Every structure is written in structure tokens, then in C-alpha cells.
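# Fold and geometry: a report
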Amino acid sequence: MANIDEKENNGYRDLRSKIIVAAEREFADKSIIERKAYAEAAFFLMNEVHIQNHDVFAGNLKQYYHLGMYPRDMGQELEYLANTRGEGVQEYKRMLTAEEMGLFTRAPGAHVAPAYNVLVQEGVQGLIDRTRSLMHGKAGGKKHFYAAELAVLCAMQERILTYAKEAKKQYHICKKENLKRISQSCQRIAYNRPGSLFDSIQLVLLAHEHVLAEAGSGSISFGRLDQYLYPFYEKDLNENRITKTGAREMITEFWRKIAEFEMGWQNVTLGGSSSDGADQCNDLTIFCMDASLAVRADQPQLSLRVHKNMPQAVWDKALELIGAGMGFPELYHDEVAVKAKIHAGIAPEDAWDYCVIGCVELSVAGKEYSHSEGARFNWMKILELMLHEGKCPVTGFSWELAESHWLEEINSFQEFYEWYQRELKHFTRFVCRYIDDLSCQYGDYWPVPFLSSMMQGCVEKGRDVTGGGTIYHNLSVNCVGVASVADSLEAIEVLVFKEKRMSLRGLAAILAKDFEGFGPMRERMLSCPKYGNDIPSVDSKVKELTGLFVNTLSEAPRKYGKGKFQAGFYTSYFHATMGAMTGASPDGRKAGEALSGALSPMAGMDKSGPTAVVNSANKVNMEWFGNGMALDLKFNADFFKQERHRKAIRFLIEEYFDQGGLQVQVNAVDKETLLKAKKDPVKYRDIIVRVSGFSAYFVALEENLQDEIIRRTEHKVS
């Protein structure tokens, strides 16, 4: 996902492969977590560090290839599950077919916010000392766990010292003070708690480098950074060791480091309130947004927690940043987000400390490991299978539905609608059982020792985070094509059962031909009521179906672990990839086109203005979306140039939140510029857009995703 030189990729891949093979051979008699830890430690001790003469901070954030830290695909997961469950895994083999036909996908692990707040308080040596003290007298699996933790923590300590030596070496050559500062800082934080804003940032960066390398992917987030760095900033300010301007510049250089990992989904959460409504914004809240304005990169992603007492200055800076056209900060309503986490089993005191990880996933930094990408399924594919008697018209694969019906037997829309609801419920239950069974093996086969050292509860329990070591261990199920399905059901109700323009069988035949020869009928389908226009008939379908899905999750039992299943209504880029594997649909969408994203209207179908969009969305109860959601709004780039327009959008967002909205994200870019960027990507390389939960360089996106963003309704200046 990140733009990494392929030669460098292969070099890291080959090096790590050799190290892992050597570790497996050398420590063949050790436990799997020790073997992984020793391989990881060896990799960091043997891998050279790189510091550029202009670097203000040390650290290299990139996607290292993990080779074995997580399963390579669902097939390997099932293979390992078969070793554990035997014949009981046979029923799940068809999920491989579901993945091939675009019905289901999953990417568990990685998405998490480590306890960087604890790290800056205790330091690396503090974590080592605590681990050693708890290790004393332990036997069996716990002893292996502690040995693994010490291996990776000591390796990190040594790597910090290696950075110190390299910076010192380069300083003697070029005499640049920034290199001297890096060297001195790394020497301090290797064995001591950070005592300044600079040292705390340096420590977080180097820990982040390690977590990214172990995960082999992005979506490792920084949590509530303005909160845990503020005491260091305040201390430096009070002791006259830094000025506000100097602190702002320091945060900006921090941002430049994070930006090196393009499309890394590294989220920073800002602002927020306490449980009594007290504002928690501070100078760093503003400085972080200023840094994004200065660096103008897709990383880090910014999430701003909004509440009634948020200062005017924070609102002004947020709207200025949104108007810059990078798609962040995305805005979260504290009150609804906290309720969503409480419903997901998080204690109230922890729920009030929520942050955002990856795209839009709500989490508690250092305490929650919930496989936020544990499952994602395509609601439209279920409807497609119903209309085509269980056969995917794109791939030709078959899928056994819960019920088998001849389309000719369906006599009313209500009958068809209730059938769809039963299929949605059936598949949701099946997915819950599936990911629950798969989750039970992660602690045995795919432990992550370094991340476990950065999560609260793991060291105290002597258990890896993937095996339930941290405080909260939920499982997450996300949805694609919600509005597409509601719009399609609306079209079926209107055209098949009210106007009787065709039968269900006739509709299926038209869709199978991708509307070829049926242009006027497609136009009629497109003209049917659409979600996002404040139309009760179609909005009620979104409300009912999301409610059914959430209730099904809340009732699903967990066989392994003590957590809950939590719902996510965001699609990342999967509304495009799954749309590419989905045939034409009754809403008028052509085969292969992107489906609706997140909880947003289908691209271009919200024609009644932004107020209608938020009114439609607010008919849904978002207090049960523990894994987050996304609502996209797109405004013309000129909209934010006038103060009255900025006030208008703030009023719109506050009204949306007051009525129960959870999250909103805004694109401020015009269609003409995006069309030019598509034709001339080199010239428009730096354009950043909001996709569905994350921001990215427009020219780096797949073509069907670019087209979907271009089609989104653009609200203009009036």
C-alpha cells in the first residue's frame, strides 16, 4: 500500500526471510512466541539504521514485510484451524468462494493504537524492569511469554543506542546540530524516561517503527497524542526550554516523519472532552492541525473529537484545515462515540478516553485489540444472489442461501423484503461464528510480542495481545453497499410491485445483461427515490436494515474470548473493489461500478443538498456502531473561502451531531480539478482527497475509486 521501492522491498524481504529461517533453526526447541521474538530481535539488531543529514528526528516508518507474523491469507487461517478443530472447519471452506465472488473479505490484526501514553511515562527501561519483575518464578507458557517480551524490548533498546551512535558519527562529519540533538536524545531515552517534548516524540517514533515492522502493515495509530504529549510541552514551556513557536515547529517535523509512510492509515486523535463535559483541547491540538497545513501530506490522518464546549479557536483551525482540501480532520461527536463504545462492552471511564485507529474505527489506546478489519461483507451481493438463484453472475460461483425461492413465488414486496432480511441475518450470524472460531488460534500461531509489550494487561497476565492479553478483545464486522441495497430495494418495490413494469425474473434478466438494450428502464431505476435525500420510504429501509444487523451482532454469542461483536459502517476502498466484483443492480448502477461507501449515499444520488444527507443519516441509530462509521460530504473548493460559508457548515455539523450523528468527513475539492488530475497524474501528484474513512493522494487510487469520488455530489457556493 505504501510507495516503497521494489528493490528495497525485496532486500528487506530476503533479509528478514534469512533471519527467520536462522532463528527457527537456532531456536527450534523454543515456543513459537520466543522464536518469533528472537527473529524479530535479530532483524532489528542486524538491520542498519538510516539517518539523513536534514533529519530532526531519528526513525524510519515504512512497511516492512512480516513473513510469518500474521497469516498470509484466509486459506492459511483455515489450514491452521483444521489442525485445531479437525472436521469442524469444513463448513467454513466456502468462505474462500465468498471471498472470490466479492461477498466477503477480512484482514485481521494490526489495526490498533498502542499504549504510547504509558510508554512516555515509563520509558523502555521501565517496561523492561516491570517485565523482569513479573517474570520471576513463572513457568510454562507465561515464562515463554516473558522471555519473548524481554527479547524484543532489549532489542529496541539496543536499536535506540544504534541510532544514537549513527547520529553522533554523522555529526562529527558535518557538524549539524540536529544530528547532535538526535544522538543525545537517543542516549537518554534508551535507559531513562523522556523528560522533554523532544525526547517523548523521539521515543514514540522509534516505538512506532518497531510496531509497524512487526505488523507488516499500516493502521497503527498514535492515539490521543495531544493529551499524552501535553505534560512534556507544558513542562518545557514553564522551564523556558521551548517557545510555542518552537513547539509548533517540532510537531511539524514529527509530521514530516510520519508522512514518509504514504497511505499508512496512521491516525492521530485530537481534542475531546471529559465525562463531565470539560474541554480537553490544548495548544498541541492547534499545533497538530497547523502541522498538517504545513506538511500537506496524506499522513498522519487526523480525527477531531467534537463536543459542545470545544473552543472557537479549535473550530476555526479545523475548518481552515478542512478547507485546504485534504479531507481531514474527520469529526467525531464525543457523546455518541462514547455510547457506542459502552455498548461494545467498554467501561465508561475507558470509553471517554476513546481514540480513532486506521480509517474511522473507535478504540481505546493500549487497552483494546478488536480485529477492526476482522470481517467485511457485501450487502448487495446477498441481494444479487437472491435475484440469480444463488449464482454470482460475475464469477459463475454458487452460494447456498438460507432459503431457496422461485422468484415467481414472491407475491409482494414485503415478502421479498423479509426474505432479504432473513438472508442478511443468516449471513451475519455465520460470519460471527466464523471469525470467532478463527480468532481462537491467533495467540497460538501468530503472537505479536512487541505489540504486546505496548498494550496494557498483557505483561500482567503473561499473555500475548492476540490471545486476549489486553483489557478488551472484541471482534468487528463491517458492511459494504448499505445505501446501494436500500436504493435497490426501493426500486424493486416501486417498479416491480407498485408500477408492475416487470417481474422479478424480468428484472434479473435485465441486470444480467447490464442494461444493454434497456437504457430507458435503467433511467427509470435511477430516478427512483434514493437514500440521502431525506425521503422516508428509502431512509426507513436503511434504518431497519442497519438496526437488524446491529441487533444480530449484539445477540451473537462468543465461544472464544469475553468480548462482543461490534458493528462498523465504513468501507475504506472496498466499496470499489467489491463493486468491481458485483453485477448490475436494481438502483441503476452498472456492473463493476463502485457500490455506496460507508453510511453515505450512492455517489451522485444525493441531489437535495447536504442538509438532506445528514437528515437521512440521522434516522439511523449510530449509538451501536462500536467499530465506527463514515459519512461523506463533498463541497466545492471555493465554499470555504467565505466566513459565512464556514459558519454554515459548522452549524450543519453541530445540528447533525445534536440529532445523533457520530462522524462526518468533508472533501473540499472541485470535480474539474479531479478530472484534470486523472488525465495528468504527474502534474497533480499532491492532490489529497477523502476516500471513505481515510485520505489519500488522488492519483494513487485505483481508477474505479477515482471515478466514484468524482461522481459524488458536489455542494457549491450559493
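Please refer to the structure higher up on the page.
Residues numbered from 1 in each chain as written. Predicted model: local features only at pLDDT ≥ 70, side-chain atom pairs only at ≥ 80, totals over all residues. Heavy atoms only, no water.

On to the layout of surface pockets. Empty space among the atoms becomes apparent when a probe as large as a water molecule is rolled across them. Estimates place the volume of the largest pocket at around 750 Å³. Lining the largest pocket are 29 residues; nearest its centre among them are Arg 106, Ala 107, Pro 108, His 111 and Ser 217. Along the lines of polarity and charge, the residues of the lining of the largest pocket split into 13 nonpolar, 10 polar and six charged. Estimated volume of the second largest pocket: approximately 610 Å³. (1 Å grid on protein atoms, 1.4 Å probe; cavity = no way out; pocket = protein on both sides within 12 Å on 5 of 7 lines; lining within 4 Å. Points joined across faces, edges and corners; volume = space filled by probe spheres on them. Nonpolar A, V, L, I, M, F, W, Y, C, P; charged D, E, K, R; others polar.)

A few words on the packing of aromatic side chains. Counted by the stated rule, this structure contains 30 aromatic pairs. Centre to centre, the rings of Phe 549 and Phe 569 are 5.6 Å apart; their planes meet at 85°, and the pair counts as edge-to-face. Linking Phe 549 in helix α24 (residues 536-555) with Phe 569 in the loop between β9 (565-568) and α25 (574-577), this pair joins segments that are 20 residues apart in sequence. Classification of Phe 569 as buried rests on a relative accessible area of 0%. One aromatic cluster in this structure is built from Phe 377, Trp 379, Trp 399, Phe 427, Phe 549, Phe 569 and Phe 625. Taking the ring centre of Phe 430 as reference, the NZ or CZ of Arg 94 above it sits at 4.7 Å. (Phe/Tyr/Trp six-rings, centres within 6.5 Å; stacked < 30°, edge-to-face > 60°. Helix = DSSP H or I, 4+ residues; strand = E, 2+ residues; numbered from the N terminus. Buried < 20%, exposed > 50% of the residue type's maximum accessible area, 1.4 Å probe, protein only. Lys NZ or Arg CZ within 6 Å of the ring centre and 35° of its normal.)

A few words on helix α3 (residues 74-85). Think of an α-helix as turning once every 3.6 residues; residues three or four places apart then point the same way. The terminal C-alpha atoms of α3, which comprises 12 residues, lie 16 Å apart, in line with the 16 Å expected from a rise of 1.5 Å per residue. Backbone nitrogen of Gly 75 and a side-chain oxygen of the N-cap are separated by 3.1 Å at the start of α3; the cap is Asp 73. (Expected span 1.5 Å × (residues − 1). Polar contact = N/O pair within 3.5 Å; in protein donor to acceptor, adjacent residues only side chain to side chain.)

Another point: the nonpolar core. Counting residues in hydrophobic clusters, the biggest one holds 236 residues, and the most contacted among them are Phe 254, Trp 255, Trp 379 and Phe 569. The leading source of residues in this core is helix α6 (residues 140-174), at 14 residues. Filtering out sequence-adjacent residues up to four positions away, Trp 379 remains in contact with Tyr 420, Leu 424, Cys 479, Val 480, Gly 481, Val 482, Val 485, Leu 545, Thr 546, Phe 549 and Phe 569. (Core = buried A, V, L, I, M, F, W, Y, C linked by side-chain atoms within 4.5 Å. Contact = heavy atoms within 4.5 Å.)

Here we come to the packing of helix α13 (residues 312-323) against helix α27 (residues 643-658). At a closest axis distance of 11 Å, the pairing of α13 and α27 adopts a crossing angle of 110°. Between α13 and α27, the angle falls in the class roughly perpendicular. Taking contact as the criterion, the partners of Gln 312, Trp 315 and Leu 319 in α13 are, on α27, Arg 646, Ile 649, Arg 650, Ile 653 and Glu 654. Residue classes in the contact of α13 with α27 are distributed as four nonpolar, one polar and three charged. (Axes fitted to C-alpha atoms, helices over the stretch in contact; angles between N-to-C directions. Parallel < 35°, antiparallel > 145°, perpendicular 65-115°, else oblique.)

This part takes up the pattern of salt bridges. Under the criterion given, the structure shown has 40 salt bridges. Two residues, Asp 539 and Lys 619, come together in a salt bridge whose shortest N-O distance is 2.8 Å. Of the two residues, Asp 539 is situated in helix α24 and Lys 619 in the loop between α26 (610-617) and β10 (632-635); the sequence distance between them amounts to 80 residues. Assessed through its relative accessible area of 0%, Asp 539 is described here as buried. On the accessibility criterion, Lys 619 (26% relative accessible area) is partly exposed. A network of salt bridges, in which partner residues are shared, links Lys 235, Asp 236, Glu 239 and Arg 241. (Salt bridge = Lys/Arg side-chain N within 4 Å of Asp/Glu carboxyl O.)

Helix-helix packing is characterised by the crossing angle of the two axes and by the distance between the axes. Packing of helix α17 (residues 413-439) against α24 leaves a shortest axis separation of 9 Å and a crossing angle of 30°. The handedness of the crossing between α17 and α24 is right-handed. In this structure, α17 uses Phe 413, Tyr 417, Tyr 420, Gln 421, Leu 424, Lys 425, Thr 428, Arg 429 and Cys 432 to contact α24, whose residues at the interface are Lys 541, Glu 544, Leu 545, Leu 548, Phe 549, Thr 552 and Leu 553. Within the contact of α17 with α24, the residues separate by chemical class into nine nonpolar, three polar and four charged. (Left-handed = near helix turned anticlockwise from the far one by under 90°.)

Right, let's get into the sheet that holds β10. Spatial strand order, β2-β3-β4-β11-β10: five strands in an open sheet with mixed pairing. The sheet is open, and its two edges are formed by β2 (267-271) and β10, each paired on a single side. Direction aside, neighbouring strands of the sheet carry axes that sit 25° apart on average. Pairing of strand β3 (residues 301-306) with strand β4 (residues 330-333) involves four bridges; the strand directions are parallel. (Pairing = 2+ DSSP bridges.)

Bringing the environment of Leu 103 into the picture now. Examined against the element boundaries, Leu 103 turns out to sit in the loop between α4 (94-100) and β1 (104-105). Judged by relative accessible area, Leu 103 falls into the buried class, the value being 0%. Put simply, Leu 103 and Met 578 are 475 residues apart on the chain and 7.4 Å apart in space, counted from C-alpha to C-alpha. Residues in contact with Leu 103, not counting those within four places in the same chain, are Ala 98, Arg 376, Phe 377, Asn 378, Lys 381, Ile 382, Leu 385, Trp 399, Phe 427 and Met 578.

Our next topic: the sheet that holds strand β7 (residues 376-378). The pairing of strands in a sheet comes from backbone hydrogen bonds and takes either a parallel or an antiparallel form. A sheet is described by the order of its strands in space; here four strands give the open sequence β1-β7-β8-β9, paired in mixed fashion. Where the open sheet ends on each side, the last strands, each with one partner, are β1 and β9. Bridge analysis of β1 against β7 gives two bridges, and the strand direction is antiparallel. In the sheet register, Phe 104 faces β7, and the bridge partner there is Phe 377. Strand contacts of helix α16 (residues 379-387): β7 and β8 (475-480), with the helix running at about 40° to β7, the strand carrying the most contacts.

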